[in-house]
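Topology and contacts: notes
Chain by chain, the residues run as shown.
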Amino acid sequence: MTMRRLTAQIERPGFPGRQPILMAPAGAAAVSVTRYSPDVRAGQAHVAKMVAEDAFVVLYQLQTHPSHEFKLDGRLQTPEAAPQGELNIVDLRMGDACGRLLHPADTLMFHVPFRAIEHILEESGAATVAPMRAPQPWRTVDPVVRQLAPLLVEALAASGDKTDQLLHEHLLYGLGAHFVQRYGGWRRRDPQLGGLAAWQERRAKEMLDDAATRHFSIRAIARECGLSPDHFTRAFKASVGMAPSAWLQARRMDRAKQLLETSRLSLAEIAQICGFADQSHFSRQFSRTVGESPSRWRRRF
């Protein structure tokens, strides 16, 4: 299936306004861009809003962006003027983003959903990526974007002309990969090691520990680590020596042993605290792992 056919099936990103959009498919998602230049009349505030979602927005200024009010998840900021040719990155996972403009603005807005980042990582064989951040909010210089911005502006202006659409989609996809690499701490996978970075392993174990008493989601943990679920599972096993589910089972069992040794809680209570379905499930799992029943193991202490 071609990129162009895929584009028609992907949901339009939630940019403010209804101006033309260019989309570059990335798996089941897309990296998208639009030119946002609202008509801001003297004495009247213009509000631009994007709702919270699992995505990042890169704002590149085609002209100097005057100081304005900006809210992210209800927290007010008053950024100084953002010079022409500089950018900022907004993490929509933190909440709704809203700008209140009192002066004209002209901005290239790039929409990079996390599903597109997962696809880019998988296609590139990258090992890890952190949440994207601009080193200097509203004032980050990016020579790559500066070089390609005129081509994207031209492509958006000629949105009805499909002659160079495939070229422009490939350029936009490449820019998406550039954003992930430059601002997300992209690191290519070591073919010999292929494990998690230290911060990823620590965060994954924290989330697994937190999920010890309930169902856990590999997808959610992988997303927090900036990896696809398959990459995360392989990398976790390479780093820890066992799959995430096996590690969690071992942690539950260690916790159960501690409670059997140090408390007088019933087996049913221990089963519930440690995340087993019920006492019967706990007893079966304990006997299979330890080689004897919880009751018999407890009598040693």
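Residues numbered from 1 in each chain as written. Predicted model: local features only at pLDDT ≥ 70, side-chain atom pairs only at ≥ 80, totals over all residues. Heavy atoms only, no water.

1. Points about the confidence of the model for the protein
- Per-residue pLDDT for the protein averages 86, and the proportion of residues at 70 or more is 89%.
- Low pLDDT, under 50, characterises residues 1-8; the predicted model gives this stretch 14 contacts beyond four residues in sequence or across chains. (pLDDT = per-residue confidence, 0-100. Contact = heavy atoms within 4.5 Å.)

2. With respect to the sheet that holds strand E1 (residues 21-26)
- With antiparallel pairing, 6 strands are arranged side by side in an open sheet as E1-E2-E9-E4-E7-E11. The strands lining the two open edges of the sheet, one partner per strand, are E1 and strand E11 (140-141).
- Across the sheet, helix H3 (residues 143-157) is in contact with E1, strand E2 (29-36), strand E4 (55-61), strand E7 (86-91), strand E9 (107-113) and E11; its angle to E9 comes to roughly 100°.
- Lying on the sheet, helix H4 (residues 165-183) is in contact with E1, E2, E4, E7, E9 and E11; it crosses E1 at an angle near 70°. (Pairing = 2+ DSSP bridges. Helix = DSSP H or I, 4+ residues; strand = E, 2+ residues; numbered from the N terminus. Axes fitted to C-alpha atoms, helices over the stretch in contact; angles between N-to-C directions.)

3. Looking at the packing of aromatic side chains
- Summed over the entire model, instances satisfying the criterion amount to 8 aromatic pairs.
- Ring centres of Phe232 and Phe236 lie 5.7 Å apart, and the angle between their planes is 50°; on these two criteria the pair is classed as tilted. With Phe232 and Phe236 both in helix H7 (residues 229-240) and 4 residues apart, the pair spans about one turn of that helix. (Phe/Tyr/Trp six-rings, centres within 6.5 Å; stacked < 30°, edge-to-face > 60°.)

4. Structural notes on the pattern of salt bridges
- In the structure shown here, the tally under the stated rule is 16 salt bridges.
- The closest approach of N and O atoms between Lys49 and Asp96, which form a salt bridge, is 3.8 Å. With Lys49 in strand E3 (residues 46-50) and Asp96 in the loop between E7 and strand E8 (97-101), this residue pair connects regions lying 47 residues apart in the sequence.
- Assessed through its relative accessible area of 45%, Lys49 is described here as partly exposed.
- The class for Asp96 is partly exposed, based on a relative accessible area of 33%.
- Between Glu118 and Arg219 there is a salt bridge, with the nearest N and O atoms lying 3.8 Å from each other. Taken as a pair, Glu118 in helix H2 (residues 114-124) and Arg219 in helix H6 (residues 218-224) lie far apart in primary sequence, 101 residues in all.
- Taking relative accessible area as the criterion, Glu118 reaches 8% and is therefore assigned buried.
- Beyond isolated ion pairs, a larger network of salt bridges with shared partners links Asp91, Arg93 and Arg133. (Salt bridge = Lys/Arg side-chain N within 4 Å of Asp/Glu carboxyl O. Buried < 20%, exposed > 50% of the residue type's maximum accessible area, 1.4 Å probe, protein only.)

5. As for the layout of surface pockets
- The computed volume of the second largest pocket comes to approximately 290 Å³.
- The wall of the second largest pocket is formed by 16 residues, among which Glu11, Glu53, His111, Pro113 and Arg115 lie closest to the centre.
- At the level of elements, E2, E9 and H2 are the ones that each hand at least two residues to the lining of the second largest pocket.
- The greatest single-element share of the lining of the second largest pocket, amounting to 3 residues, is contributed by E2. (1 Å grid on protein atoms, 1.4 Å probe; cavity = no way out; pocket = protein on both sides within 12 Å on 5 of 7 lines; lining within 4 Å. Points joined across faces, edges and corners; volume = space filled by probe spheres on them.)

6. Examining the sheet that holds E8
- As summarised here, the arrangement of the 4 strands in space is E3-E8-E5-E6, forming an open sheet in which the pairing is antiparallel. Single-partner strands in this sheet number two, and they are E3 and strand E6 (75-77). Going across the sheet, the axis of each strand differs from the next one's by a mean of 20°, ignoring polarity.
- In this structure, E3 lies alongside E8, joined through 5 bridges in antiparallel fashion. Its bridge partner being in E8, Met50 is matched across the sheet by Ala97.

7. Digging into the pairing of strand E5 (residues 69-72)
- The alternating pattern of E5 places Phe70 and Leu72 on a buried face and Glu69 and Lys71 on a face that is not buried.
- In the sheet, E5 pairs with E8 via 4 bridges, with the strands oriented antiparallel. Bridge pairing links Glu69 to Arg100 in E8.
- Here 3 bridges tie E5 to E6, and the two strands are oriented antiparallel to one another. Along E6, the bridge assignment pairs Leu72 with Arg75.
- Counted between consecutive antiparallel strands, the loop separating E5 from E6 contains 2 residues, among which Asp73 sits at a positive phi close to 55°.

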